[in-house]
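Spelled out, the chains give:
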Amino acid sequence: MSGEAAAGLRRDAVGLREVLFQSVTAMAPAAAVAASIPSGAAFAGGSLPLAVVIALVACLFTASCVAELARELPAAGSVATYAARGLHPAVGFLVGWGYVFVEALVPPLLLLQLGFTAAGTLHDEWASYPAGLWWPWALAGAAVIAVAGYLGVRASARFGTVLGIFEIAVFLVFAGWLIIRAGGHNTLSVFGTSHTADGYGGVSGVFAGSVYTVLAFAGFEAAAPLAEETRDPRRTMHRAVLGAALGIGLFYVLTTYAMTVYFGPDRFASFGAAGEASWEGVARASFGLFWVLVFLAVVNSTIANANACANVSTRTAFALARIRVLPRVLATLHPRYRSPVAGIAVQTVVAVGAVLGLGFGYDPVTAFLLLATVIVTVVIGVYIVVNLACAGYFLRRGRPSLKPIRHLLLPLLGIVAFVPALLTAAGLPVFDFVTKLTAPVSYAGPVVGVWMAIGAVVLLVLIRRHPERIAETARVHLEEGTSGTLAPQNGATPR
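These numbers were taken from a predicted model, which means no experiment stands behind them.

### Brief notes about the overall build of the protein chain
Part 1 of the argument: Helix and strand counts for the protein chain stand at 18 helices and 0 strands.
Part 2 of the argument: Overall, the protein chain is about 65 × 50 × 40 Å in size when its C-alpha atoms are taken along their principal axes.
Part 3 of the argument: When burial is assessed residue by residue, the protein chain has 58% of its 495 residues classed as buried.
Part 4 of the argument: Across the protein chain, contacts joining residues at least 24 apart in sequence account for 80% of those joining residues at least 6 apart.

### Some words on the layout of surface pockets
Part 1 of the argument: Within this model, the second largest pocket holds a volume of roughly 300 Å³.
Part 2 of the argument: Around the second largest pocket sit 16 residues that line it, and Val100, Phe101, Ala104, Val346 and Val350 are the ones nearest its centre.
Part 3 of the argument: Those elements that place two or more of their residues in the lining of the second largest pocket are helix 7 (89-125), helix 13 (290-322) and helix 14 (341-361).
Part 4 of the argument: The dominant element in the lining of the second largest pocket, judged by the number of residues it contributes, is helix 7, at 5 residues.
Part 5 of the argument: Class assignment for the residues of the lining of the second largest pocket results in 12 nonpolar, 4 polar and no charged.

### Comments concerning the packing of aromatic side chains
Part 1 of the argument: Tallied over the entire structure, the rule returns 26 aromatic pairs.
Part 2 of the argument: Their ring planes at 90° and their centres at 5.5 Å tell us that Trp177 and Phe290 sit as a pair that is edge-to-face. Of this pair, Trp177 sits in helix 9 (residues 153-182) while Phe290 is found in helix 13, placing the two residues 113 residues apart along the sequence.
Part 3 of the argument: The class of Trp177 is partly exposed, set by a relative accessible area of 34%.
Part 4 of the argument: On the basis of relative accessibility, which here comes to 11%, the residue Phe290 falls in the buried class.
Part 5 of the argument: For the pair Phe191 and Tyr257, a centre-to-centre distance of 5.8 Å together with 10° between the ring planes defines the contact as stacked. Here Phe191, found in the loop between helix 9 and helix 10 (202-214), pairs with Tyr257, found in helix 11 (residues 233-263); they are 66 residues apart in sequence, far enough to count as distant.
Part 6 of the argument: In this structure an aromatic cluster arises from ring pairing among Phe171, Phe174, Trp177, Tyr262, Trp279, Phe287 and Phe290.
Part 7 of the argument: Just above the ring of Phe263 sits the side chain of Arg267; from NZ or CZ to the centre is 4.1 Å.
Part 8 of the argument: A cation over a ring is seen here: Arg284 above Trp291, with NZ or CZ 3.8 Å from the ring centre.

### Description of the nonpolar core
Side chains of nonpolar character tend, in soluble globular proteins, to be buried together.
Part 1 of the argument: Ranked by size, the top nonpolar core spans 136 residues in total, and within it Leu69, Phe171, Tyr252 and Trp279 carry the most contacts.
Part 2 of the argument: In terms of residues, this core owes the most to one element, helix 15 (residues 364-397), which gives 18 residues.
Part 3 of the argument: Apart from residues lying up to four places away in sequence, Trp279 is in contact with Val33, Ala34, Phe171, Phe174, Leu178, Thr255, Met259 and Phe271.
Part 4 of the argument: Judged by nonpolar contacts, the second largest core, of 20 residues, contains Val100, Val325, Leu459 and Ile470.

### Quick word on empty space enclosed by the protein
Part 1 of the argument: Counted under the stated rule, the structure contains 6 cavities of 30 Å³ or more.
Part 2 of the argument: Space inside the largest cavity adds up to approximately 120 Å³.
Part 3 of the argument: Ile145, Ala146, Ala310, Gln347 and Thr348 are, among the 16 residues lining the largest cavity, the residues nearest its centre.
Part 4 of the argument: Elements with a minimum of two residues in the lining of the largest cavity: helix 7, helix 8 (135-150), helix 13 and helix 14.
Part 5 of the argument: At 5 residues, the largest contribution of residues to the lining of the largest cavity is made by helix 13.

### Description of the UniProt feature "domain: Amino acid permease/ SLC12A" (unreviewed entry) in the protein chain
Part 1 of the argument: Within the UniProt annotation, "domain: Amino acid permease/ SLC12A" (unreviewed entry) is assigned to residues 19-460.
Part 2 of the argument: Taken end to end, residues 19-460 has its terminal C-alpha atoms 35 Å apart, with 71% of it in helix and 0% in strand.

### Topic: a nonpolar patch on the surface
Part 1 of the argument: A cluster of nonpolar side chains, namely Ile405, Leu409, Leu412, Leu413 and Val416, defines an oily patch on the protein surface of about 450 Å² accessible area.
Part 2 of the argument: Looking at where Leu412 falls in the secondary structure, it is placed in helix 16 (residues 404-425).

### Here's the deal with the packing of helix 9 against helix 13
Each packed pair of helices is defined by two parameters, the angle between the axes and the distance between the axes.
Part 1 of the argument: Closest axis-to-axis distance for the helix 9/helix 13 pair is 9 Å, and the angle between their directions is 145°. For the pair helix 9 and helix 13, the crossing hand works out as left-handed.

Rules and cut-offs
Numbering of residues starts from 1 in every chain and runs along the sequence as written. Only residues with pLDDT of at least 70 get local features here, since the model is predicted, and only at 80 or more are side-chain atom pairs given and counted; chain-wide, interface and lining totals rely on the full set of residues. The basis for the side-chain values is all heavy atoms of the structure; hydrogens and waters are excluded. The numbering of helices and of strands both runs from the N terminus, where a helix is a DSSP run of H or I of at least 4 residues and a strand a run of E of at least 2. Throughout this description, buried means an accessible area under 20% of the type-specific maximum (1.4 Å probe, protein chains only), exposed means over 50%, and partly exposed covers the range between. Between two residues, a contact is recorded if the distance between any of their heavy atoms is within 4.5 Å. A 1.4 Å probe that fits into a set of points on a 1 Å grid over the protein atoms alone but cannot get out defines a cavity; an open set with protein on both sides within 12 Å along at least five of seven lines defines a pocket, and lining residues are those with an atom within 4 Å of a point. Grid points are joined across faces, edges and corners, and a volume is the space filled by probe spheres set on the points. Nonpolar residues are Ala, Val, Leu, Ile, Met, Phe, Trp, Tyr, Cys and Pro. Charged residues are Asp, Glu, Lys and Arg, and all others, Gly as well, are polar. Centre distance within 6.5 Å is the pairing criterion for rings of Phe, Tyr and Trp, where only the six-membered ring of Trp is used; planes under 30 degrees apart are then read as stacked, over 60 as edge-to-face, and the remainder as tilted. We call a charge positioned above a ring when the Lys NZ or Arg CZ atom is no farther than 6 Å from the ring centre and deviates by at most 35 degrees from the ring normal. To qualify as a nonpolar core, a set must consist of buried Ala, Val, Leu, Ile, Met, Phe, Trp, Tyr and Cys residues joined through side-chain atoms within 4.5 Å. UniProt positions are given in the numbering used here, feature names are shortened, and annotations may be inferred rather than shown by experiment. Patch membership is restricted to residues that have no salt bridge and whose relative accessible area is over 30%. Joining uses 9 Å for like charges and 5 Å for the nonpolar side chains Val, Leu, Ile, Met, Phe, Trp and Tyr. Here the Shrake-Rupley method, with its probe set to 1.4 Å, supplies the accessible areas, and only the displayed protein chains count as covering residues. A pair is scored as a salt bridge if a Lys or Arg side-chain nitrogen falls within 4 Å of a carboxyl oxygen belonging to Asp or Glu. Note on method: axes are straight lines fitted to C-alpha atoms, helices fitted across the in-contact stretch only, with angles between N-to-C directions ranging 0 to 180 degrees. In this scheme, a crossing is called left-handed if the near helix is turned counterclockwise away from the far one by less than a right angle; it is called right-handed if the turn is clockwise.

Okay, structure coming up:
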C-alpha cells in the first residue's frame, strides 16, 4: 500500500459536534419534514404525529444497536466491520459491498432533488426561467460537495454542521409560529387514532403511516464511518448515533404536530410534499416571504445530506480498499488533508454520471424515485443485518458483556420494526397499503440483485485466492499495536 494510504486518516480531527451533525445532516431533517414524512399522511391523516412517535421508537431500537457496536468497534468500515465481527467476515464483505454502493448513490439522489426543486421554484416565481433547466444546480451542488470532501473531514464536517444548524433553526421557528397561530386548535388528540385517513381507520392507519415515516430516519448511523478521525471515538460515536436519532426524531414529532394542528387534523390526509397543501404551500399562503426560508432550508438540506453521505461512501470505500477487497487506489489519501482523494474523485464521477444519465434518460423526478428505492431497500436491509450482528457480537463476547435487553431484545425489536419498511420500500404488496412499483422505479429490485450477485462472485474469488483479505473485514485498525493485533478491551481477549 502507498505511503499515503498506510499513514491512515487524520486522527482526532473532529469532535462530538461535527460527528453528531454528520448523522443529523445524513437524515436530511428539512427535506424529510417537507417531503418524506408527509407521505404517511395519506394513511395516518391527522394522527401522523402519533405515527412519527412510533417510528421514532422503532428506529431507536436499531440506533441503540449501532451505537453499541460503534463504541466497541470504532472503524471506518462501520457496518461492514460490525457484521464481520458479529456474524461472519463474508457477511461483513457483502454488507460493505452493498453499503458503499448505495451510499455512493445518495449524493446524486440529493443533487437531482436540488436541481428540480430549484428549477421548479424559480419557474413558479419567474415564468421565463425554464422549468427543465435543473441540471446546472445539480452540477453546482456536486462541485461544492467535491471541494468540501477534498479539503478533509474537518472542513467537510464543519460545513455540514453549519448547514444542519440552519435547516433545523428555520423549521423550528416555523413550527413555533404554526403552534402559536393554531391557538385554540392545539390538541393532543393528534397523538391518538381518531384522525386517520378514510379507509385506514384506527391503529391500521397509524401503522401504515409509521412505516412510511420510518424511511425519514435513515442516516442516523452516518457518524460511524468517521470513527478513525474522531476524538475519543468510543464515547463520541455512541453519543452521536443515539443523539442524532433521538434529537431529530423529536424534531420530527414537533414539526409534524405543529403543521397538523395548524392545517387541521381532519383534513390532513390531503397534505403532501407539493402544492398548496404542503409546507412551502402553507408558508406561501399564510406567512409571506417566509416560504423563501423554507425553500432555502430544503435546498440546504439536500446539499448537507449529500455532503454527509459522500463522507460515508468515501470512508467505507477507503476501509475496504485498505484491506484490498476493493481497488487499492481508493485507499489513497491526500498528503496534507488526509482525505481519500481517489474515493472523492470516483464519488464525484458517479454522482455527475448518475445525475445526467438518469436525469436526461428519464426525468429528474423519476430518476430521484428510482435511486431512492434502490438506496432505501439496501439501507434497511443493512439495518436488519446490523441488528443481528449486535446480538451475535455480544453473545460471542460472553456473559460479562452481554446485557439481554440491550443486546438481544432491542435487536429483535429493531428487526421487527424494519421488516415492514423493507417490504414497503421494495413495493412488495404484503400489506394493503403497499403500492406495487411500476417501471422504471420497479427496476430498483433487479439493480440491487445484480449488484449483490456481482458482490457474491467477488466474494467467492477472494475466498479462493485471498481469504485473508475477507478475514480482515473484521479488523479494527484504530486499536492496533505495532504487532498488528487487536488491542484487548473490557477484559476481552484479542481475536
